[in-house]
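One-letter residues, chain by chain:
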Amino acid sequence: MDPSSGMRARAAATFAASLKLENVTRTYGEAAALTGINLEIAPGEIICLLGPSGCGKTTLLRVISGIERPTSGRVLINDSEVAGPNRFVPPENRSVGLMFQDFALFPHLSVIENVAFGLKSLPSVERTKAARAILERVGLTAFANAYPSTLSGGQQQRVALARAIVPRPAVMLMDEPFSGLDVQLRDTMQEETLALLRETRATSLIVTHHPEEAMRLSDRIAVLRDGRVVQVGTTQNLYEAPASLFVARLFSEINEMPARVSGGQISTAAGVFPAPDLPDGSSAVLCIRERAITLEAAKNGNGTAPGALLGRVQDLKFLGDITRLDVAVQGFDHLLKVRSPGINPFPKGSEVVVKIEREAVLVFQADANGDNGENNRLS
Ligand code: ATP
């Protein structure tokens, strides 16, 4: 990206709107793409919709924008029903901006014509003035008369963003807006997009596959799975108190150990942990965060202290800020993965004492989908 094309001036602010989804369901034939979605978004708030492929993210954006109708339930913008049993407001009258994954620029229109396209209701002079102002804001003044095919990925992303934001939508919907960009450009564009959204105060819903992207961009994250919202919260909420194994896997690197609940607790090689909410005899999973494990050199019998476990370093990788180690621990079926800050002092083959921070351990019901093996990533 051309550093001289940094964003300038400030974009005009919009009247931020609240967005409310009430029990929104969308089915296709027998199949439910969305089931009973409830979500309230405050004016100016930025929410990321995070979930695996096929969980209904795009369908939800389409329902909010008015491209699709919900099968049942209601969509309200500023407490006014825009989709529901009593009313259906067409997309162009909802004050909703849409930005697609592939940017969907018109190839036969110049940059400025693409941006002005969404301002058809304005007189020509005002359209051009508003389009020029937003192009200046996204640092593309010099490209006003260029055609999309001559632009880089980052520049195309900026044109798409400018086009979506220039009508000052009350609600901005973005479907994986960064997925077409390479990693370095993605970081820059995320920061610039976030600055623009904050400036315009548009209430925003951003779809992503990437937990890290969601954490970086959002005020809150709504996690979707199989057409349902499974948890909504700030990054900190979701990290500290995931409601399920599925969510825990998204926001933390964890070791998983299967166990069976007995008398409101589980007994594992790592110790006994309370599981008061799980039925007796049910399958559970003990999750130990990789960062919640510390290693000490085994010496002077310190491995016999209560709660201490003896292990041997099987492998390690220095990854810059952290070292990732695989440790064989007595009584464990799998190697324990450990993230240790900085340069690790334990070479391969070292005998170590493993200490697990008990407060950072989580116990969940085994995943109903039977997916209790390796950590799941969304992409
Ligand atoms: P991705 O991340 O891969 O884009 P997504 O989370 O956006 O996935 P959707 O595109 O919303 O998922 O699709 C949700 C479910 O609804 C999928 O099972 C999909 O096959 C189904 N679906 C979506 N649109 C239609 C349609 N027009 N007709 C039939 N089924 C559909």
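**Student:** What should I look at first to understand the pairing of strand S18 (residues 336-341) in this one?
**Tutor:** In regular strands, side chains alternate between the two faces of the sheet. With 6 bridges connecting them, strand S17 (residues 322-329) and S18 associate as antiparallel partners. Its bridge partner lying in S18, Leu 325 is registered against Val 338.

**Student:** Looking at this structure, I do not really get helix H3 (residues 124-137). What am I missing?
**Tutor:** An α-helix turns once per 3.6 residues; consequently, residues spaced three or four apart project the same way. Spanning 14 residues, H3 covers 20 Å between terminal C-alpha atoms, matching the ideal 20 Å at 1.5 Å per step. All buried positions along H3 are accounted for by Ala 131, Ile 134, Leu 135 and Arg 137. The arc that holds the buried residues of H3, viewed along the axis, is 155°, so those residues lie on one side. When the buried face of H3 is taken as reference, the exposed residues oriented beyond 90 degrees from it are Val 125 and Lys 129. Buried residues along H3 sit against helix H2 (111-116), helix H4 (153-165) and helix H5 (183-200). Looking one or two places after H3, you find Gly 139, whose phi comes out positive at around 75°.

**Student:** Is there a simple way to think about the sheet that holds strand S5 (residues 80-83) in this case?
**Tutor:** Where strands meet in a sheet, backbone hydrogen bonds hold them as pairs that are either parallel or antiparallel. The 4 strands lie next to each other as S2-S1-S4-S5, forming an open sheet whose pairing is antiparallel. Of all the strands in the sheet, just strand S2 (31-41) and S5 have a single pairing partner and so form its edges. Shown here is a sheet whose adjacent strand axes are inclined to one another by a mean of 30°, direction ignored. For strand S1 (residues 19-28) and S2, the ladder comprises 7 bridges, and the chain directions are antiparallel. By the bridge assignment for S2, Val 24 is matched with Ile 37. In the packing of helix H1 (residues 57-65) onto the sheet, contacts are made with S1, S2 and strand S4 (72-77), and the angle to S1 comes to roughly 115°.

**Student:** Before we go on, may I ask you to explain the nonpolar core in this structure?
**Tutor:** Of all hydrophobic cores here, the largest spans 46 residues; its most connected members are Val 115, Leu 135, Met 172, Val 223 and Phe 251. Counting residues per element, this core draws most heavily on H4, at 6 residues. Every residue in contact with Met 172, bar those within four places of it in the chain, is listed here: Gly 97, Leu 161, Ala 164, Ile 165, Leu 197, Ala 202, Thr 203, Ser 204 and Leu 205. Counting residues in each nonpolar core, the second largest holds 28 residues, with Leu 34, Val 82, Val 207 and Leu 224 among its members.

**Student:** So what exactly am I meant to see when it comes to unusual backbone geometry here?
**Tutor:** Trans peptide bonds make up most of the peptide bonds, and negative phi angles are found at most residues other than glycine. Of note in this structure, Arg 168 is not a glycine but carries a positive phi near 55°. Phi at Glu 176 is positive, roughly 45°, even though this residue is not glycine.

**Student:** How should the side chain of Gln 190 be read in this particular structure?
**Tutor:** Checked against the element boundaries, Gln 190 lands in helix H5. In terms of polar contacts, Gln 190 uses its side chain to reach the side chain of Glu 213, at 2.8 Å. A distance of 3.0 Å separates a polar atom in the side chain of Gln 190 from a polar atom in the side chain of Arg 216. In contact with Gln 190, other than residues within four places in its own chain, are Phe 178, Glu 213, Arg 216 and Leu 217.

**Student:** I keep staring at the domain arrangement of the protein chain and nothing clicks. Help me out?
**Tutor:** Interfaces are frequently sized by the accessible area removed from exposure as the parts join. Each domain of the protein chain was delimited in the assignment, giving domain 1 (3-240) and domain 2 (252-376). Of the residues lining the interface, 4 residues belong to domain 1; the matching set on domain 2 comes to 5 residues. Note on domain 1 versus domain 2: buried area summed over both sides is about 380 Å², and carbon and sulfur give 26% of it. Interface area lost by domain 1 to domain 2 is led by Arg 225, Tyr 239 and Glu 240, which between them contribute 92%. Where domain 1 meets domain 2, there are 0 salt bridges. Where domain 1 meets domain 2, there are 1 residue pair in polar contact (both at pLDDT 80 or more). Here the residues of the side of domain 1 that touches domain 2 sort into 1 nonpolar, no polar and 3 charged.

What counts and how
Per-chain numbering applies: the sequence of each chain, read as written, is numbered from 1 onward. Selection of residues for local features in this predicted model requires a pLDDT of at least 70, selection of side-chain atom pairs for listing and counting requires 80 or more, and totals for whole chains, interfaces and linings are taken over all residues. Values reported for side chains reflect all heavy atoms of the structure, with hydrogen atoms and water molecules removed beforehand. In this scheme, strands are said to pair when DSSP sees at least two bridges between them. Numbered from the N terminus, helices here are DSSP runs of H or I no shorter than four residues, and strands are runs of E no shorter than two. In this scheme, a helix's expected span is set at 1.5 Å multiplied by one less than its residue total. Exposed residues in this analysis have more than 50% of their type's maximum accessible area, buried residues have under 20%, and partly exposed residues fall in between, with area computed by a 1.4 Å probe over protein chains only. The arc in question is the one spanned by the directions pointing from the helix axis to the C-beta atoms. A contact between two residues is defined here by any heavy atoms of the two lying within 4.5 Å. Here the axes come from fitting lines to C-alpha atoms, over the contacting stretch only for helices, and the angles between their N-to-C directions go from 0 to 180 degrees. By convention a nonpolar core is built from buried Ala, Val, Leu, Ile, Met, Phe, Trp, Tyr and Cys residues, the set being connected through side-chain atoms within 4.5 Å. Definition of a polar contact: a pair of N or O atoms within 3.5 Å, with one able to donate and the other able to accept a hydrogen when the atoms are protein atoms, and with sequence-neighbouring residues admitted only if both atoms are side-chain atoms. Annotation comment: domain bounds sourced from an automatic or database domain assignment. Defined in terms of a 1.4 Å probe, buried area is the accessible area two parts forfeit on being brought together, summed over both. The rule for a salt bridge is simple: a side-chain nitrogen of Lys or Arg has to be within 4 Å of a carboxyl oxygen of Asp or Glu. Gly is put with the polar residues, along with every residue not named as nonpolar or charged; the nonpolar set is Ala, Val, Leu, Ile, Met, Phe, Trp, Tyr, Cys and Pro, and the charged set is Asp, Glu, Lys and Arg.

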